[in-house]
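# Chain and residue survey
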Amino acid sequence: MWNRRSVVQVHPPVPPCEEHADHLTAKRKSAPVFFTLLFPYFLGNFYRPFLAVVAGDLSRDLGLDSAGLASLQATFLLAFALTQVPVALSLDRFGPRRILILGLCAAVAGSVLLSAAGQPWHALTAMALLGAGFSPVMMAGFYVIGRVYAPERFATLSSLLFGLGTLGDPVSGAPLALAVGVFGWRVTMLGMAGITVLSLVLIAIVLRDPPRVEAPGGKISALAATRQIFAIRALWPIIPLAFVSYAVVAAVRGLWIAPYLAQVHHFGPYAVGLSATAMGLALALGGIFYAPMNRYLGDAKITVAAGIAVTVVAWLVLGQFGAGSDGLALGLLFVAAGFGASFAILLAHSRAFLPTHVLGQGVTMMNLLFFGGAGLGQWLSGRYVKAAEIAAVAPDLLYGRLFTAFGVVLAVALGIYLLSPRERSASPAQ
């Protein structure tokens, strides 16, 4: 017999897919975590170059000369670099939440101390606190992404973290100058301390440490973990590209874009500053662009190789023909910065071969390669430029040779990188 009840039983309404619902819930919960990690990384990129904007005020108020200002910047970078080692040893053992809270407390103290500085040593101490305080933010972000999110999302999210966070660099230019002009540098730095406190509070409320993962057979020492990481042969062909890919971009963005545009293309100070800011934006947008590019290509190795190949061509063409055209030179600088922003995807390729129990130490060691290469690249290129100037080499020839050398070194590293295995879909067995 036909009745309504039988129809209901035979044709029940289709329930929503529980797996899809769980996925949407996970995405809603993970979005605040991502933006909580992005906030301090954005601030870290703001603080790294901000000194150039307030240099005149610091010189006047604290009696600093050019050497004193250089010491301030060097103190920040030195503190940043030295604390990478304890960060590497601590992420897997203590978790990112406590490390970030401790680091941001130091950064807040540094910003407050700088705003109240009355002596040069006050500023030196403040810059050391700022450098050490922001040292863990990027690696902690990558560590959480690697542990909390699905492995296939690591490349996309780490690229977005790098690209969006790098936007803090141009914010420390014209917007900071405007704030300093309106409020003064001391009030502005105190305001930045307040913003950093907000980031600290969000970390304390939102972020939770991923569950600890022990090594097979129990705990291992930091030295044993380091040996284990360097014994992973899949990482060996990746290391040279990690060492030089960011180095060439950092050398030009940090040192040579201004003298190159001024001496070869005769740009004025305003045009040089605008071009440097645009190159910083290209670097940030490149990091963002790599995320959909990697999703489209579906392979981190192919994504990195394609982007670096474009970068190699840009440096070589710039070295050989850049002096002949202002527009060509600027375009190639922006291409080299944008396509050279493969940092996060290259790190994702490396992460695929790192066991979870050494993930924090592994990604931080890769980060040391990036920044170590950047430091060495700036030192070596500085030695070359100084020697060339002493030898009275014409600026167009001087920088042409420098950019060509960047392209050649990057091409060699790319050739070695092509020998690396393609990434695995998940990290090795835990």
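So, here is what we can say about the structure in this document. None of these values were measured; they are calculated from a predicted model. Counting starts from 1 at the beginning of each chain's written sequence and moves along it residue by residue. Totals for whole chains, interfaces and linings use all residues, but because this is a predicted model, local features are given only for residues with pLDDT of at least 70 and pairs of side-chain atoms are given and counted only at 80 or more. Water and hydrogen atoms were dropped before computing side-chain values, which therefore reflect all heavy atoms in the structure.

For any two helices packed against each other, one specifies the inter-axial angle together with the distance between the axes. Between the N-to-C directions of two axes lies an angle of 0 to 180 degrees, each axis being a line fitted to C-alpha atoms and, for a helix, fitted only over the stretch in contact. In DSSP terms, a helix is any run of H or I states spanning at least four residues, a strand is any run of E spanning at least two, and both are numbered starting from the N terminus. Two elements in contact, helix 8 (residues 137-148) and helix 19 (residues 359-390), have axes whose closest approach is 9 Å; the angle formed by their N-to-C orientations is 140 degrees. The orientation of helix 8 relative to helix 19 falls into the category oblique. Every pair of crossing elements has a handedness; the one defined by helix 8 and helix 19 is right-handed. Judged by residue contacts, Met138, Met139, Tyr143, Gly146 and Arg147 of helix 8 engage Leu359, Gly360, Val363, Thr364, Asn367 and Phe371 from helix 19. Under the scheme applied here, ten amino acids are nonpolar (Ala, Val, Leu, Ile, Met, Phe, Trp, Tyr, Cys and Pro), four are charged (Asp, Glu, Lys and Arg), and all others, including Gly, are polar. Among the residues forming the contact of helix 8 with helix 19, the class breakdown is 6 nonpolar, 4 polar and 1 charged. Every angle not falling under 35 degrees, over 145, or within 65 to 115 is termed oblique; those three ranges are roughly parallel, roughly antiparallel and roughly perpendicular. Each crossing gets its handedness from the near helix: less than a right angle anticlockwise from the far helix is left-handed, clockwise is right-handed. Any two residues having at least one pair of non-hydrogen atoms within 4.5 Å are treated as being in contact.

Attention now goes to a nonpolar patch on the surface. Only residues whose relative accessible area exceeds 30% and that form no salt bridge are eligible for patches; like-charged ones are grouped when within 9 Å, while nonpolar side chains (Val, Leu, Ile, Met, Phe, Trp, Tyr) are grouped when within 5 Å. Under the convention used here, a 1.4 Å probe and the Shrake-Rupley method define accessible areas, while residue burial counts only the protein chains that appear. Here, a salt bridge means any Lys or Arg side-chain nitrogen found within 4 Å of an Asp or Glu carboxyl oxygen. On the surface, Leu178, Val182, Phe183 and Val187 cluster together into a nonpolar patch covering about 440 Å² of accessible area. When residues in the nonpolar patch are grouped by element, the largest group, 3 residues, is from helix 11 (residues 174-183). Note on placement: Phe183 falls in helix 11.

Time to look at helix 20 (residues 395-417). Working rule for helices: expected span equals 1.5 Å times residues minus one. Given a rise of 1.5 Å per residue, 23 residues ought to cover 33 Å, and the 33 Å separating the end C-alpha atoms of helix 20 matches this to within 8%. When a residue's accessible area, from a 1.4 Å probe over protein chains only, is under 20% of the maximum for its type it is buried; when over 50% it is exposed; and in between it is partly exposed. Turning to helix 20, its buried residues are Leu398, Tyr399, Gly400, Leu402, Phe403, Thr404, Phe406, Gly407, Leu410, Ala413, Leu414 and Tyr417. On the buried face of helix 20, the contacting elements are helix 14 (238-263), helix 16 (300-321), helix 18 (343-351) and helix 19.

On to the pattern of salt bridges, then. The tally for this structure, following the rule as stated, stands at 3 salt bridges. A salt bridge links Arg60 to Asp57; the shortest N-O distance between them is 3.2 Å. In this pair, Arg60 and Asp57 are both assigned in helix 3 (residues 51-62), 3 residues apart and thus about one turn of the helix distant. Residue classification places Asp57 among the buried residues on the basis of a relative accessible area of 17%. Among the salt bridges present, the one from Arg60 reaches Asp61, with a minimum N-O distance of 3.0 Å.

Moving on: empty space enclosed by the protein. Put simply, the grid is 1 Å and covers the protein atoms alone, a cavity is a trapped set of points that fit a 1.4 Å probe, a pocket is an open set with protein on both sides within 12 Å along at least five of seven lines, and lining residues have an atom within 4 Å of a point. Grid points are joined across faces, edges and corners, and a volume is the space filled by probe spheres set on the points. The full count for this structure, using the stated rule, is 3 cavities of 30 Å³ or more. Approximately 50 Å³ is the volume found for the largest cavity. In terms of lining residues, the largest cavity is bounded by Tyr41, Gly44, Asn45, Arg48, Phe76, Phe80, Phe134, Val137 and Met138. Where the lining of the largest cavity is concerned, the elements lending two or more residues are helix 2 (18-47), helix 4 (66-82) and helix 8. Ranked by the residues each element gives to the lining of the largest cavity, the list is headed by helix 2, at 3 residues. Its residues assigned to classes, the lining of the largest cavity shows 6 nonpolar, 2 polar and 1 charged. Put simply, the second largest cavity is a space of about 40 Å³. Around the second largest cavity, the lining residues are Leu91, Asp92, Arg93, Phe94, Gly95, Pro96, Tyr143, Pro210 and Arg212. The greatest single-element share of the lining of the second largest cavity, amounting to 4 residues, is contributed by helix 5 (residues 84-94). Here the lining of the second largest cavity is composed, by residue class, of 5 nonpolar, 1 polar and 3 charged.

Turning our eyes to something else, we now look at unusual backbone geometry. The phi dihedral of His266 falls on the positive side, at around 60 degrees, and the residue is not glycine. Even without a glycine there, the phi angle at Ala392 is positive, about 60 degrees. With respect to the element layout, Ala392 can be found in the loop between helix 19 and helix 20.

A few words now on the nonpolar core. We define the nonpolar core as a collection of buried residues of types Ala, Val, Leu, Ile, Met, Phe, Trp, Tyr and Cys that are connected through side-chain atoms lying within 4.5 Å of one another. Phe50, Leu58 and Trp315 are the most contacted members of the largest nonpolar core, which totals 124 residues. A per-element tally of this core places helix 14 first, with 14 residues. Per the annotation, domain bounds derive from an automatic or database assignment of domains. Both of domain 1 (27-208) and domain 2 (222-422) provide at least three residues apiece to this core. Residue contacts for Trp315: discarding those within four places in its chain leaves Val248, Val249, Val252, Leu333, Ala336, Phe403, Thr404, Phe406, Gly407 and Leu410.

To continue, consider the layout of surface pockets. In this structure, the largest pocket occupies an estimated 1,400 Å³ of space. In terms of lining, the largest pocket is formed by 44 residues, of which the most central are Arg48, Pro49, Gln73, Gly254 and Gln378. Elements that contribute at least two residues to the lining of the largest pocket include exactly helix 2, helix 3, helix 4, helix 9 (154-166), helix 10 (168-171), helix 14, helix 15 (269-297) and helix 19. No other element matches helix 14, which puts 8 residues into the lining of the largest pocket. In the lining of the largest pocket, the residues fall into 27 nonpolar, 14 polar and 3 charged. When residues of the lining of the largest pocket are sorted by domain, at least three fall in each of domain 1 (27-208) and domain 2 (222-422).

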